[in-house]
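Each chain is listed here by its residues.
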Amino acid sequence: MEISKIWIDDEAVYVRTADGREGRELFADYPRLCNAPREALEDYTADNFGIHWNRLNEDLCFEGFFKEKHENPLYKLFMSLPEINVAALARRLGMGQGEMARYTAGSENPPKEKMEKIVDELKKIGAELLDVSL
């Protein structure tokens, strides 16, 4: 998908494709974006797959702008725990950020085996946190 324009307003980020389709993602659907100052929202980069806010630790996949949203369990989990770094989790799993973004945004449901792999990794992280001693 070729994106020709990206812009933001107070409520959403918008994209326009080379063939003229427009899509948007509401900041209210993403806790890190919803609570971010305008300056941080404007500090993004984009590649062939999506938009990245490194300062906010948030990624949105371009495909998600045009897909119907479904609240799958991962979407609900990551919306309730915005402290989890989804991009870092994807790297830890050896999974592409775009793929993980589609799952966490609710635009795609992960296959059963991917879901199990994600849940197992989250449990490992939980165990590692429990082992922390300072």
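Residues numbered from 1 in each chain as written. Predicted model: local features only at pLDDT ≥ 70, side-chain atom pairs only at ≥ 80, totals over all residues. Heavy atoms only, no water.

Caption draft 1: The sheet that holds strand 6 (residues 58-61), seen in detail. Spatial strand order, 4-5-6: 3 strands in an open sheet with antiparallel pairing. Every other strand in the sheet has two partners, leaving strand 4 (45-46) and strand 6 as the edge strands with one partner each. Bridge analysis of strand 4 against strand 5 (residues 50-53) gives 2 bridges, and the strand direction is antiparallel. Each bridged residue has a counterpart across the sheet, and for Thr45 the counterpart in strand 5 is His52. (Pairing = 2+ DSSP bridges. Helix = DSSP H or I, 4+ residues; strand = E, 2+ residues; numbered from the N terminus.)

Caption draft 2: Main features of the environment of Asp43. Mapped onto the fold, Asp43 is located in the loop between helix 2 (38-41) and strand 4. Judged by its relative accessible area of 35%, Asp43 falls in the partly exposed class. Residues Asp43 and Arg55, 12 residues apart in the sequence, show an inter-C-alpha distance of 7.8 Å. Once you skip the residues sitting within four places of it in the chain, Asp43 turns out to touch His52, Trp53 and Arg55. (Buried < 20%, exposed > 50% of the residue type's maximum accessible area, 1.4 Å probe, protein only. Contact = heavy atoms within 4.5 Å.)

Caption draft 3: Focus on the pattern of salt bridges. Taken as a whole, this structure holds 12 salt bridges when the rule is applied. The residue Glu121 makes a salt bridge to Lys124 at a minimum N-O spacing of 3.7 Å. With Glu121 and Lys124 both in helix 6 (residues 112-130) and 3 residues apart, this pair spans about one turn of that helix. Under the relative-accessibility criterion, Lys124 is labelled partly exposed at 48%. What you see here is one network of salt bridges that share partners, running through Arg92, Glu121, Lys124 and Glu128. (Salt bridge = Lys/Arg side-chain N within 4 Å of Asp/Glu carboxyl O.)

Caption draft 4: Molecular detail of the packing of aromatic side chains. Following the criterion strictly, the structure yields 3 aromatic pairs and no others. The ring of Trp7 is capped by Lys5, whose NZ or CZ atom sits 4.9 Å from the centre of that ring. The ring of Phe66 is capped by Arg21, whose NZ or CZ atom sits 4.6 Å from the centre of that ring. (Phe/Tyr/Trp six-rings, centres within 6.5 Å; stacked < 30°, edge-to-face > 60°. Lys NZ or Arg CZ within 6 Å of the ring centre and 35° of its normal.)

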